[in-house]
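Structural overview
Listed here are the chains, written in short residue letters.
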Amino acid sequence: MDLTQGTQKEKNDRSKKMMLWFGIVSLLMAFAGWTSAYIVSSKREDWLDNIEMPSSFYISTLVIIISSVTYMLAKKAIIKDAIKACTSWLVLTLGLGVLFIVLQFNGFSQMIAQGYYFTGPTSSIKMSYIFLIAAVHVIHVVAGIISLLVVLYNQYKGKYSSKEYLGLSLGATFWHFLDLLWVYLLVFMVLVD
């Protein structure tokens, strides 16, 4: 396919999709670097074994998976021109995204209550990585929430329909990426001891 062909709108849409995928690949590379460093550091003598992940991390995983489902339902609703249903699903997705962040901070509090800190004399390299990886993911979920707020604003303004929903689709793709990334990170941190 010749990417220079098509209407201006088709070219714009392709460029927006491509920019999103460039961003996603960049984020994957950053998290691949952190998880690689985690693996290399796990060979250190001062590496803590058998750390139990906070229960809030598992609950938040379920929440973010459900939020991906609600975002998919929003997209299906707009394809059927079910405007109110789409808006409701987007609002629910937003609420679940905020709940995910609250649960992540609760997880940080649980780790601190167990005596694990990000830095300082009582910290460990493993716990520093867990705090870092989870916190950086939270920052990206905040970016996902901002993009979701833009989608909700555009939805409220009537910019999406069954014929035009690229912004909603791009927002959903980023949100699903964040979901899959968190599932991978949690499984990774649990399995790599």
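Report on the accompanying structure.

What counts and how
Residues numbered from 1 in each chain as written. Predicted model: local features only at pLDDT ≥ 70, side-chain atom pairs only at ≥ 80, totals over all residues. Heavy atoms only, no water. Helix = DSSP H or I, 4+ residues; strand = E, 2+ residues; numbered from the N terminus. Buried < 20%, exposed > 50% of the residue type's maximum accessible area, 1.4 Å probe, protein only. Polar contact = N/O pair within 3.5 Å; in protein donor to acceptor, adjacent residues only side chain to side chain. Contact = heavy atoms within 4.5 Å. Expected span 1.5 Å × (residues − 1). Patch = residues over 30% accessible without salt bridge, like charges linked within 9 Å, V, L, I, M, F, W, Y side chains within 5 Å. Areas by Shrake-Rupley, 256 points an atom, 1.4 Å probe, with all protein chains shown as cover. Salt bridge = Lys/Arg side-chain N within 4 Å of Asp/Glu carboxyl O. Axes fitted to C-alpha atoms, helices over the stretch in contact; angles between N-to-C directions. Parallel < 35°, antiparallel > 145°, perpendicular 65-115°, else oblique. Left-handed = near helix turned anticlockwise from the far one by under 90°. Nonpolar A, V, L, I, M, F, W, Y, C, P; charged D, E, K, R; others polar.

The next point concerns unusual backbone geometry. If you check the backbone angles, Asp81 has positive phi at about 60 degrees while not being a glycine. Relative to the elements of secondary structure, Asp81 occurs in the loop between α2 (55-79) and α3 (83-113). Of the residues examined, Asp81 reaches a relative accessible area of 40% and is grouped as partly exposed.

Time to look at the side chain of Thr93. Summarising the element assignment, Thr93 is placed in helix α3. Of the polar contacts made by the side chain of Thr93, one reaches the backbone nitrogen of Tyr71; its length is 3.3 Å. Not counting chain neighbours up to four residues away, the residues in contact with Thr93 comprise Ser67, Thr70, Tyr71, Leu148 and Trp175.

On to α3, then. In a regular helix each residue adds 1.5 Å, so 31 residues correspond to 45 Å; α3 covers 45 Å between its end C-alpha atoms and thus fits that length. Gly115 occupies a position one or two residues after α3 and carries a positive phi of about 90 degrees.

Among the surface-exposed residues, Tyr58, Val187, Val190 and Leu191 lie close enough to one another that they form a single nonpolar patch of about 380 Å² accessible area. Of the residues forming the nonpolar patch, the biggest block, three residues, is contributed by helix α5 (residues 166-191). If you trace the backbone, Val190 turns up in helix α5.

Moving on, we come to the packing of α3 against α5. Where α3 contacts α5, the axes come no closer than 13 Å and their chain directions differ by 30 degrees. Our classification of the angle between α3 and α5 gives roughly parallel. Remark: the crossing between α3 and α5 carries left-handed chirality. Of α5, the residues touching α3 (which contributes Cys86, Leu90, Thr93, Gly97, Phe100 and Gln104) are Leu168, Trp175 and Trp182. Here the contact of α3 with α5 is built from residues that sort into six nonpolar, three polar and no charged.

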